[in-house]
Amino acid sequence: MSQEDTFKKIISHAKEYGFIFQSSEIYDGLSAVYDYGQLGAELKNNIKSYWWKSMVMLHENIVGIDSAIFMHPTVWKASGHVDAFNDPLIDNKDSKKRYRADVLIEDYIQKIEAKIDKEITKAQKRFGDSFDEKQFRETNPRVQANQKKIDDVLLRFKTAMENDDLAEVKKIIEDAEIACPVSGSRNWTDVRQFNLMFDTKLGSVNDDASTIYLRPETAQGIFVNYLNVQKSGRLNLPFGIAQIGKAFRNEIVARQFIFRMREFEQMEMQYFIQPGTEKKWFETWKEKRMKWHKALGNDESNLKFHDHDKLAHYANAATDIEFKFPFGFKELEGIHSRTDFDLGQHQKFSGKKIQYFDNERNESYVPYVLETSIGLDRMFLAVLSASYKEETIEKEDGKKDQRVVLAIPPALAPIQLAVLPLVKKDGLPDKAREIINTLKFDFNCHYEEKDSIGRRYRRQDAIGTPYAITVDHETLENNTVTIRDRDTMEQNRVKIEELPEILRSKVSLNSLLKKLEN
RNA sequence: GCGGGAGUAGCUCAGCUGAUAGAGCAUCAGCCUUCCAAGCUGAGGGCCGCGGGUUUGAAUCCCGUCUCCCGCUCCA
């Protein structure tokens, strides 16, 4: 089966069993927006718990917050998102390639600069020690002409961007005779502006001052609360603030099911540290986060680190944890050493002193930040796609049989236990209900009496229920039931009174969290 | 946004050389009472993605539009 087929099957499966539906489907859907159904919501909540507890419960110096999606507009100026998220884009009609217009112009300038440098290197050789670069730049006609080209283009581009004049940006590209690196042609579309942040209006007055953004990342909600949390919690460096929440990005191309959505959920932890210790913490958190993924017990070859060569404006080290999705290895989580960029920016823009007094060093400084940021929806998709299995099994009579099973890590499964009366008479249903009533406070149980027992097992396999107990006639005699394992399909007869202990050891989050400690 | 592919029942799909909309699975009710799906009887369920056009007549042909998938591009 091809990867594409597998992916399609997972999408269908997710819909058929109530994990994920397309948003507003009855109205033809809304592009790149999805809803979590009855089982999806359970799985998603379990992933959240696993993450939250691993951060907040297992680290006494990490606390969790829940900041608002709406924030003061200046937050996004300080963070650099207002500038960085406004990309003028242009397509080449022949190669069908898309470029950022500003990048094309930058490349063009770089080329000219390279020419100037060449000119200077040549002159340097010619004049030897007596070479005066400054004078040469000011007097050499070829250098001057090229420098003028650069200055002109830069000025025009700056003015055009300030005036939001996209037609002018296109004209600059045309006038500079910039060609597509792939097709070599200068057959360009118009320049279009893509604002990757959603905006909306706060208040009833519709002027510019009331424009606010839906946050494109949750991190800033942590940074702007740094002082509040540190002071009210009497926290000392190093300490972390964790948060789970929605973020919004108006992606140019939102694709691949829930992998890239316009509305998505992030699980972020910002770890505030002493400057100079960032390398150490970067390594520590790389290891911790990878351990978190591996504890789930899925095939470890599905996970790998991918270090960034190109770093964002605020980072001095960055790596991704990539997961082998059905469409290839893609980013699941990012671990970034963010330096003091964010807090420094907020200090600058807000005018508030955002610093930490370090008793050991006897000095104040802006803390450095080590960020771990994982996409909850991506994690959901990772769990789902790693779990989905189509098995061919041999029946007792030798016939081949197919089953679809979601081998979801037991602690994350939407339903942990199915309770099935072998037949729906002879008091077996009542006995089954009785058992559920003792277990439902600790486990998410599901009762099912319709259809043959085998069929019911398969239905539970399809939604990833790790255990099923069957109430039969023997149960009425000696209070024992059979417990069936989803993955091995093996059954054991156990006492009803032993069920809580057995289940706890297999499906509780505790056992998963304990793996993180060794 | 560009190019390619696709939208028919909850799911997978057939019907596409115009003429009452079908199958398998699933669902519901009943029978059977069985430890690994597909036994029997019956039932419900579709503006054939949406809008327009051609035609006596459109799921089918034409145009537009929306949504999904793949590639390009981007990814804090």
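Nothing here was measured: the structure is a model prediction, and the numbers come from that model.

Reading guide: rules and limits
- Residues numbered from 1 in each chain as written.
- Chains lettered and ligands numbered in written order.
- Predicted model: local features only at pLDDT ≥ 70, side-chain atom pairs only at ≥ 80, totals over all residues.
- Heavy atoms only, no water.
- Helix = DSSP H or I, 4+ residues; strand = E, 2+ residues; numbered from the N terminus.
- Buried < 20%, exposed > 50% of the residue type's maximum accessible area, 1.4 Å probe, protein only.
- Areas by Shrake-Rupley, 256 points an atom, 1.4 Å probe, with all protein chains shown as cover.
- Lys, Arg positive; Asp, Glu negative; His and termini not counted.
- Charge placed at Lys NZ, Arg CZ, Asp CG, Glu CD.
- Phe/Tyr/Trp six-rings, centres within 6.5 Å; stacked < 30°, edge-to-face > 60°.
- Expected span 1.5 Å × (residues − 1).
- Arc of directions from axis to C-beta.
- Domains from an automatic or database assignment.
- Axes fitted to C-alpha atoms, helices over the stretch in contact; angles between N-to-C directions.
- Left-handed = near helix turned anticlockwise from the far one by under 90°.
- Contact = heavy atoms within 4.5 Å.
- Nonpolar A, V, L, I, M, F, W, Y, C, P; charged D, E, K, R; others polar.
- Salt bridge = Lys/Arg side-chain N within 4 Å of Asp/Glu carboxyl O.
- Pairing = 2+ DSSP bridges.
- Polar contact = N/O pair within 3.5 Å; in protein donor to acceptor, adjacent residues only side chain to side chain.
- Parallel < 35°, antiparallel > 145°, perpendicular 65-115°, else oblique.
- Core = buried A, V, L, I, M, F, W, Y, C linked by side-chain atoms within 4.5 Å.

## Section: the overall build of chain A
Check the secondary structure of chain A and you find 18 helices and 23 strands. By the burial criterion, 49% of the 518 residues in chain A qualify as buried. Of the roughly 26800 Å² of accessible surface on chain A, a fraction of 47% belongs to carbon and sulfur atoms. Between the averaged position of the 78 positive side-chain charges in chain A and that of its 83 negative side-chain charges there is a distance of 2 Å.

## Examining the packing of aromatic side chains
The tally for this structure, following the rule as stated, stands at 16 aromatic pairs. Their ring planes at 75 degrees and their centres at 5.1 Å tell us that F259 and F325 sit as a pair that is edge-to-face. Taken together, the residues span a long stretch of sequence, with F259 in the loop between β9 (239-248) and β10 (263-273) and F325 in strand β12 (residues 317-325) at a distance of 66 residues. Judged by relative accessible area, which is 4%, F259 ranks as buried.

## Digging into helix α11 (residues 278-294)
Over its 17 residues, α11 extends 24 Å from the first C-alpha to the last, a length consistent with the 24 Å expected when each residue adds 1.5 Å. For α11, the complete set of buried residues consists of E278, W281, F282, W285, K286, R289, M290, W292 and H293. Down the axis of α11, the buried set is contained in an arc of 160 degrees. They therefore lie on one face.

## Topic: the domain arrangement of chain A
Domain annotation for chain A reports domain 1 (1-71 + 196-397), domain 2 (86-195) and domain 3 (409-517). Summarising the inter-unit geometry, the C-alpha centres of domain 2 and domain 3 are found 68 Å apart.

## Quick word on unusual backbone geometry
Residue P238 is reached from L237 by a cis peptide bond, and omega for that bond is -5 degrees. On the secondary structure map, P238 appears in the loop between α10 (226-232) and β9. With a phi angle near 55 degrees, T339 is a residue other than glycine that sits in the positive phi range. Mapped onto the elements of the fold, T339 is located in strand β13 (residues 328-339). Phi is positive for D451, which is not a glycine, with a value near 70 degrees.

## Here's the deal with the packing of helix α2 (residues 38-57) against α11
At their nearest, the axes of α2 and α11 sit 12 Å apart, and the two run at 145 degrees to each other. As α2 packs across α11, the resulting crossing turns out to be right-handed. Counting all contacts with α2, which are made through I47, Y50, W51, S54 and M55, the residues of α11 involved are W285, R289 and W292. For the contact of α2 with α11, a count of residues per class yields six nonpolar, one polar and one charged.

## Observations regarding the pattern of salt bridges
Should the charged atoms of two oppositely charged side chains come close, the side chains can pair. Evaluation of the coordinates by the stated rule reveals 23 salt bridges. Between K44 and E265 there is a salt bridge, with its nearest N and O atoms 2.8 Å apart. Separated by 221 residues along the polypeptide, K44 in helix α2 and E265 in strand β10 bring together distant segments of the chain. For the pair shown, K44 and E265 are each scored as buried. Residues R459 and D451 are paired through a salt bridge, measuring 3.1 Å at the closest nitrogen-oxygen approach. For D451, a relative accessible area of 29% puts it in the partly exposed group. Through salt bridges with shared partners, a single network forms among E217, R338, D342 and E371.

## Observations regarding the sheet that holds strand β23 (residues 491-495)
If you walk across this open sheet you meet the five strands as β20-β19-β21-β22-β23, and the pairing is mixed. Two strands close off the open sheet at either side, each with one partner strand: β20 (445-447) and β23. Within this sheet the neighbouring strands show an average axis-to-axis angle of 30 degrees, counted without direction. Of the strands in this sheet, β19 (417-421), β20, β21 (467-471), β22 (480-485) and β23 are in contact with helix α15 (residues 453-463), which crosses β19 at around 170 degrees.

## Thoughts on the side chain of E333
You can see E333 is positioned in strand β13. Reaching out from E333, the side chain makes a polar contact with the side chain of H293 at a distance of 2.8 Å. When sequence neighbours within four positions are dropped, the list of residues in contact with E333 reads R289, H293, T319, D320, I321, T372, S373 and I374.

## Points about the packing of α2 against helix α13 (residues 376-387)
Any two packed helices are characterised by how steeply their axes cross, that is the angle between the axes, and by the distance between the axes. Running from N to C, α2 and α13 point in directions that differ by 110 degrees, and their axes come no closer than 10 Å. The angle between α2 and α13 falls in the class roughly perpendicular. Relative to α13, α2 is oriented so that their crossing is right-handed. On α13, the residues touching G40, L43, K44, I47 and K48 of α2 are L376, D377, M379, F380 and V383. Taken together, the residues of the contact of α2 with α13 sort by class into six nonpolar, one polar and three charged.

## Some details on the sheet that holds β10
In spatial order, the strands read β3-β9-β10-β16-β13-β12-β11; together these seven strands make up an open sheet with mixed pairing. Edge positions in the open sheet fall to β3 (62-65) and β11 (303-307), since each of these has one partner strand only. On average, each strand axis in the sheet is inclined to that of its neighbour by 25 degrees, with strand direction left out of account. Sheet analysis places β10 next to strand β16 (residues 368-375), joined by eight bridges and oriented antiparallel. Note on β16: the bridge partner recorded for F272 is V369.

## A short note on helix α17 (residues 499-507)
Among the residues of α17, L499, I502, L503 and V507 are the ones counted as buried. Down the axis of α17, the buried side of the element spans an arc of 95 degrees, and every buried residue falls inside it. Against the buried residues of α17 lie β19, α14 (428-439), β21, β22, β23 and α18 (509-515).

## Focus: the nonpolar core
In terms of nonpolar packing, the biggest core is built from 63 residues, with I47, Y50, W51 and F380 touching the most fellow members. Examining the composition of this core, we find that eight residues originate from one element, α13, more than from any other. Taken together, domain 1 (1-71 + 196-397) and domain 3 (409-517) each give at least three residues to this core, which thus spans both. Among residues more than four places away in sequence, those in contact with I47 are M267, W292, L376, M379, F380, V383 and L412. Core analysis: the next-biggest nonpolar cluster, separate from the first, contains 26 residues, A123, F157, I178 and W188 among them.

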